[in-house]
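Breakdown of the fold
Take a look at the letters that make up each chain.
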Amino acid sequence: MNKTKRRFVLYFLLCFAVFVIAEDLLTAPLALLEARQEAASETMQHLVVIGFLALTLLNIAGCAWLFSHLIGKAFQKEARQRMEERNLLYSCIAHDLKTPMTSVQGFAAALREGRVKPEEQQEICGIIYNKSCYMNELLDTMFAYSNLNTDSYTLTTADMDICALMRSLTALHYDEFEEREMALTIDIPDDPIRCRADEKELKRAISNLLVNACKHNRAGAEILIRVSGQQGKVCILIADDGQPIVREAAETLFEPFARGDASRSGGGTGLGLAISRLIAEKHGGSLTVEKGPEGYTKGFLLCLKQN
């Protein structure tokens, strides 16, 4: 939608420029005639004025048609893109749901038909539970992305301490980093840095970045988690020393399913970074991928307005 708004402004400026240029070209002959007809009859002067008005109205009508045509094309393109994105979303989620659903059906049928030994039943029930949790997570992700992508979705914001939030989330995900023997460097100020945010959605955005850093880097990687206040903004940096990202690929990382099937086969939905950027933008902030500080190859930088 932001791209459509930018096109709207661009088309308006374009049509305004066309109007001004056309107005000068169309009325120049009449202006010259008026200058030469200073002593002309009153009737001739009236005809010149009518000519000015007619050409101006014609110019307005032409520019209005051009503007309407350009905006119509822009909205049609936006609608097609949204439809294609929605279809891709449903297709990918359905693809990801099929495998665990097949497993759940198979294990449930085996339990119902008594083909599972009593000592194995608890293990099978655990597998069914884990698979159902994964399917529920996929559906939650789909709903979150769909909701955030609508203009009518509103945040429920409150004043909060970002430093305290980051310490809590880092502790929550600490076991995941430890399991992969990743070295965490945590740089979070003791003093609070406050901003207004939707706690639930901001937690989702930051958790996606932490999970991304954990899953998409080698075991034993160096991870930096930093919070800082700068120029009226609170910035959260999650950097690593993994594979660098080339500039051409930096923006596509935030597109839905940018990593394609490779992402989904690794247990991801391909929506994590896209959701995190949408959440940042809903807060009036930004999420970008940057060159990492010294010792790190890249970093994801989430910035919000500071109180």
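Let me sum up the structure you'll find in this document. (Residues numbered from 1 in each chain as written. Predicted model: local features only at pLDDT ≥ 70, side-chain atom pairs only at ≥ 80, totals over all residues. Heavy atoms only, no water.)

Attention now goes to the overall build of the protein. A count of helices and strands for the protein gives eight helices and seven strands. Counting the 307 residues in the protein, one finds 35% classified as buried. Residue pairs at least 24 apart in sequence account for 74% of intrachain contacts in the protein once pairs closer than 6 positions are excluded. Counting every atom, the protein has about 18500 Å² of accessible surface; 57% of that belongs to carbon and sulfur. (Helix = DSSP H or I, 4+ residues; strand = E, 2+ residues; numbered from the N terminus. Buried < 20%, exposed > 50% of the residue type's maximum accessible area, 1.4 Å probe, protein only. Contact = heavy atoms within 4.5 Å. Areas by Shrake-Rupley, 256 points an atom, 1.4 Å probe, with all protein chains shown as cover.)

Strand order in the open sheet formed by five strands is β2-β4-β5-β7-β6, with mixed pairing between adjacent strands. Each having just a single partner strand, β2 (183-187) and β6 (286-291) make up the two edges of the open sheet. The average angle at which neighbouring strand axes cross in this sheet is 15°, direction not considered. Where β2 meets strand β4 (residues 222-230), five bridges bridge the pair, whose relative direction is parallel. Each bridged residue has a counterpart across the sheet, and for I186 the counterpart in β4 is I225. (Pairing = 2+ DSSP bridges. Axes fitted to C-alpha atoms, helices over the stretch in contact; angles between N-to-C directions.)

In the structure shown here, the tally under the stated rule is one aromatic pair. Where F254 meets F300, the ring centres are 6.2 Å apart and the plane angle is 80°; that geometry is what we call edge-to-face. Here F300 lies in strand β7 (residues 298-305) and F254 lies in the loop between α6 (247-250) and α7 (260-265), a separation of 46 residues in the sequence. In this structure F300 comes out as buried when scored by relative accessible area, which is 5%. (Phe/Tyr/Trp six-rings, centres within 6.5 Å; stacked < 30°, edge-to-face > 60°.)

Once that is clear, we can look at the nonpolar core. Membership of the largest hydrophobic core comes to 44 residues, with the highest contact counts inside it found for I162, L202, V227 and L302. Here the element with the most residues in this core is helix α5 (residues 199-215); it accounts for seven residues. (Core = buried A, V, L, I, M, F, W, Y, C linked by side-chain atoms within 4.5 Å.)

Turning to the side chain of H283, a few remarks are in order. Here H283 shows up in the loop between α8 (272-282) and β6. For H283, a relative accessible area of 13% puts it in the buried group. A polar side-chain atom of H283 sits 2.9 Å from the main-chain amide nitrogen of D198. Not counting residues within four places of it along the chain, the set of residues in contact with H283 comprises L155, R196, A197, D198, E201 and L304. (Polar contact = N/O pair within 3.5 Å; in protein donor to acceptor, adjacent residues only side chain to side chain.)

Under the defined criterion, the tally for this structure stands at eight salt bridges. Measuring nitrogen to oxygen at the nearest pair gives 3.8 Å for the salt bridge that ties E113 to R112. A single salt-bridge network, built from bridges that share partners, covers R112, E113 and R115. (Salt bridge = Lys/Arg side-chain N within 4 Å of Asp/Glu carboxyl O.)

What follows covers the side chain of T170. Following the sequence through the fold, T170 ends up in helix α4 (residues 162-179). Aside from chain neighbours lying at most four places away, what touches T170 is L184, I186, I188 and I225.

Outside of glycine, negative phi angles account for most residues, and trans bonds account for most peptide bonds. Despite not being glycine, E181 has its phi angle at roughly 55°, a positive value. Positive phi, normally seen in glycine, also occurs at Q231, with a value near 50°.

The next thing to look at is the packing of helix α3 (residues 118-148) against α8. Between α3 and α8, the least distance of the axes is 10 Å, while the angle of their chain directions is 35°. Classified by chirality, the crossing of α8 by α3 is left-handed. Contacts between α3 and α8 involve T141, A144, Y145 and L148 from the former and A274, I275, L278, I279 and K282 from the latter. Looking at side-chain class alone, the contact of α3 with α8 contains seven nonpolar, one polar and one charged residues. (Left-handed = near helix turned anticlockwise from the far one by under 90°. Nonpolar A, V, L, I, M, F, W, Y, C, P; charged D, E, K, R; others polar.)

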